[in-house]
Amino acid sequence: MTSKIIIDTDPGVDDSLTFLLALASPEIRLEALTSVHGNIGIENTTRNALAVLELAHASHIPVARGCELPLIDRAYTSGKNVHGKQGVGNAQLPEPKSKVINQHAIDFLIEKVNAEPNQISIVPIGPLTNIALAIRKDVQFAKNIKELVIMGGAIKQGGNATPLAEFNIFADPHAAHVVFHSGIPIKLIPLDVTYQCLFMAEDVERINQIKSPIAKFIKDATSVYMDFYKSEGIDGCALHDPLTLATIIAPDLLRFEEYHVDVDMSGGVSNGNTFADFMNVSKKPANMQVAMQVRGRDFIELFIERMETLCKNISF
Ligand code: RIB
Ligand code: CA
């Protein structure tokens, strides 16, 4: 059964690898990309979405431009030291010929989801601003969406934006609060599992045995990303966003637990912190399934195999 998905994204190096994985996965039909602020500004995230699809000969997939600011706070980016000055590391992608569609991402998401009730899964791998505003703008949206498969949060794991908060949630905690309490079926892929999925330099070299612009893109895009992780004492780079797709393409790699999860939006030292009610002291029902275990190296092997296939299948 092919899953129809829309990826809501702030590309971003790992976001870009996620598009490639989606295109290489027969379990998925990638319906569209919607851009959002996050790793870098909306101009770069939107251009990168168009440019990476063009690289992979997938410009037929529509891209809708989304929100450039979070709901309440000022914009927060992960910085050029993580994803490079334009958000795709050292990769040099030509200016895309394709353009965004003439519809805001929020309206596009509402229209697509309401046109096919319970058929469309949305995979947010950036801040949740677009999703929160779609929920607020159209009450049918939350009823008609199949599920949200979200890369975000840190449950038992420390944060990566602050000691207590993961980047996507920290970049718009108010949006996360709206989404977490929307009643939409949610699978959350937090740092607890994504940091167990480290893509190594030798994995990049393995893919580059295939002479392909996509293999070269993977190497150039991950170069800055790898250096950042090395500066943090981590060998390799975490494939946060690509792992999120494993929920759909290889769910047996993950173990989910049901919890009531909430997010701190008080603006204090723990702003953006995501916490699970492990002891159910709130007596509130679970609002999501949280991936708490993963076969990380098995996922990386799957990712490499799919990239090798993609490189071989796309002739340049
Ligand atoms: O914390 C990791 C997340 O923040 C990933 O989605 C990465 O692309 C950045 O957006
Ligand atoms: Ca991202």
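See the structure above.
Description of the structure in this document. Source: prediction; values computed, not measured.

For strand E12 (residues 288-294), a buried count of 5 out of 7 residues is recorded, marking the element as mostly surrounded by other parts of the structure. Of the strand pairs in this sheet, strand E9 (residues 254-259) and E12 are connected by 6 bridges, and their pairing is antiparallel. What sits directly across from Glu258, in E12, is Gln289.

A separate point is the packing of helix H1 (residues 13-23) against helix H2 (residues 42-55). Following both chains from N to C, one finds H1 and H2 inclined at 40 degrees, their axes separated by 10 Å at the closest point. The orientation of H1 relative to H2 falls into the category oblique. At the point where H1 passes H2, the crossing takes the right-handed sense. Note on element contacts: H2 touches H1 through Ala49, Val52 and Leu53, opposite Ser16, Phe19, Leu20 and Leu23.

What the rule picks out here adds up to 16 salt bridges. A salt bridge links Asp203 to Arg297, with the nearest nitrogen and oxygen atoms 2.7 Å apart. Placement of Asp203 in helix H10 (residues 201-207) and of Arg297 in helix H13 (residues 296-313) is noted, with a sequence separation of 94 residues between them. Judged by relative accessible area, Arg297 falls into the partly exposed class, the value being 36%.

With an omega dihedral of -15 degrees, the bond running from Pro11 to Gly12 counts as a cis peptide bond. As for its placement among the helices and strands, Gly12 is situated in the loop between strand E1 (3-9) and H1. The phi angle at Asn280 is positive, at roughly 50 degrees, despite the residue not being glycine. As for its placement among the helices and strands, Asn280 is situated in the loop between strand E11 (274-276) and E12. Overall, Asn280 belongs to the partly exposed group, its relative accessible area being 35%. With a phi close to 60 degrees, Lys283 is a non-glycine residue in the positive phi region.

Using the criterion set out here, one finds 7 aromatic pairs in the structure. The interplanar angle of 40 degrees and the centroid separation of 5.5 Å between the aromatic rings of Tyr76 and Phe167 together place this pair among those described as tilted. Of this pair, Tyr76 sits in the loop between strand E3 (63-64) and helix H3 (80-83) while Phe167 sits in helix H7 (residues 167-170), and the two are 91 residues apart along the sequence. Classification of Phe167 by relative accessible area gives buried; the value is 9%. Through a chain of ring-to-ring contacts, the aromatic side chains of Tyr195, Tyr225, Phe228 and Tyr229 assemble into a single cluster. Here the basic side chain of Lys156 rests over the ring of Phe278, its NZ or CZ set 5.0 Å away from the ring centre.

What counts and what doesn't
- Every chain's residues receive numbers from 1 upward, in the order its sequence appears when written.
- As a convention, the first chain written is A and the first ligand written is 1, with the rest following in written order.
- The model is predicted, so local features are restricted to residues of pLDDT at least 70 and side-chain atom pairs to those at 80 or more, both for listing and for counting; the totals for chains, interfaces and linings are taken over all residues.
- Think of the side-chain values as coming from all heavy atoms in the structure, minus any hydrogens and water.
- Burial here depends on accessible area, computed with a 1.4 Å probe over protein chains only, as a share of the maximum for the residue type. Under 20% is buried, over 50% is exposed, and the range in between is partly exposed.
- Numbering of helices and strands starts at the N terminus; helices are DSSP runs of H or I of at least 4 residues and strands are runs of E of at least 2.
- A pair of strands is considered paired only if DSSP assigns at least 2 bridges between the two.
- Only the contacting stretch of a helix is used when fitting its axis, a line to C-alpha atoms as for every element, and angles between N-to-C directions run 0 to 180 degrees.
- Comment on the angle field: the value is read as roughly parallel under 35 degrees, roughly antiparallel over 145, roughly perpendicular from 65 to 115, and oblique elsewhere.
- Definitions for this section: a left-handed crossing has its near helix turned counterclockwise from the far helix by less than a right angle. A right-handed crossing has that turn clockwise.
- Contacts between residues were defined by any pair of non-hydrogen atoms, one from each residue, lying within 4.5 Å.
- Between Lys or Arg on one side and Asp or Glu on the other, a salt bridge is scored when a side-chain nitrogen of the former is within 4 Å of a carboxyl oxygen of the latter.
- Within 6.5 Å between ring centres, the rings of Phe, Tyr and Trp (the latter by its six-membered ring) count as paired, and their orientation is classed by plane angle as stacked under 30 degrees, edge-to-face over 60, tilted in between.
- Criterion for a charge above a ring: Lys NZ or Arg CZ within 6 Å of the ring centre, and within 35 degrees of the ring normal.

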